[in-house]
Amino acid sequence: MNRMKKLLFFATLAVAALSMSGCIAYSLSRSCTVTVRVYDRNGYTVPDETVYLLYGDATELTKDHAIKTMDTDYAGYAEFRLSELEMTYQEKKAFFALTFKGNDISGKTAFTALQNDRVSVTINQIK
């Protein structure tokens, strides 16, 4: 009897794990990946620059309104994964990607993203 309880317990754990991985896989399949590459005003890539991602309907383009931030890698790339929830269950959503010098915007680009898509954008800094 004790062996049967253990078997039932492990079977329950296996079913729970499989169902959760299905939810995660579904959520990732509905996400969007956004790759941002940052260039300075001289045309060189900018490593270790913080990129701020904001919704396109943000009332103010400030650091405080960012939904995500990420630093660029050695080649000037930052890659964001927008979940289905962040896409707010819409088919198409507008976003801004920004960089700042202090509190002033040093670079900005606007783009739209779709669920299940990859988007690549470039920020050309002006400061």
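What counts as what
Residues numbered from 1 in each chain as written. Predicted model: local features only at pLDDT ≥ 70, side-chain atom pairs only at ≥ 80, totals over all residues. Heavy atoms only, no water. Pairing = 2+ DSSP bridges. Helix = DSSP H or I, 4+ residues; strand = E, 2+ residues; numbered from the N terminus. Axes fitted to C-alpha atoms, helices over the stretch in contact; angles between N-to-C directions. Phe/Tyr/Trp six-rings, centres within 6.5 Å; stacked < 30°, edge-to-face > 60°. Buried < 20%, exposed > 50% of the residue type's maximum accessible area, 1.4 Å probe, protein only.

Trainee: Explain the sheet that holds strand β4 (residues 77–82) to me, please; I cannot follow it from the model alone.
Mentor: Consider a sheet: its strands pair through backbone hydrogen bonds, and that pairing is either parallel or antiparallel. Read across the open sheet, the three strands follow the order β4-β1-β7; overall the sheet is mixed. Each having just a single partner strand, β4 and β7 (118–124) make up the two edges of the open sheet. For this sheet the average axis-to-axis angle between neighbouring strands, irrespective of direction, equals 20°. Judged from the six bridges that link them, strand β1 (residues 32–39) and β4 form a sheet pairing that is antiparallel. The residue bridging V36 from the neighbouring strand is A78, located in β4.

Trainee: Looking at this structure, how should I read the packing of aromatic side chains?
Mentor: Summed over all chains, the structure comprises three aromatic pairs. Consider the rings of Y52 and F100, whose centres lie 5.1 Å apart with planes at 90°: the pair is edge-to-face. Taken together, the positions of Y52 in strand β2 (residues 50–55) and F100 in strand β5 (residues 92–101) put the pair 48 residues apart, joining distant regions of the chain. Summarising the burial analysis for this pair, Y52 and F100 share the class buried.

Scope: geometric values only; no functional claims are made or implied.
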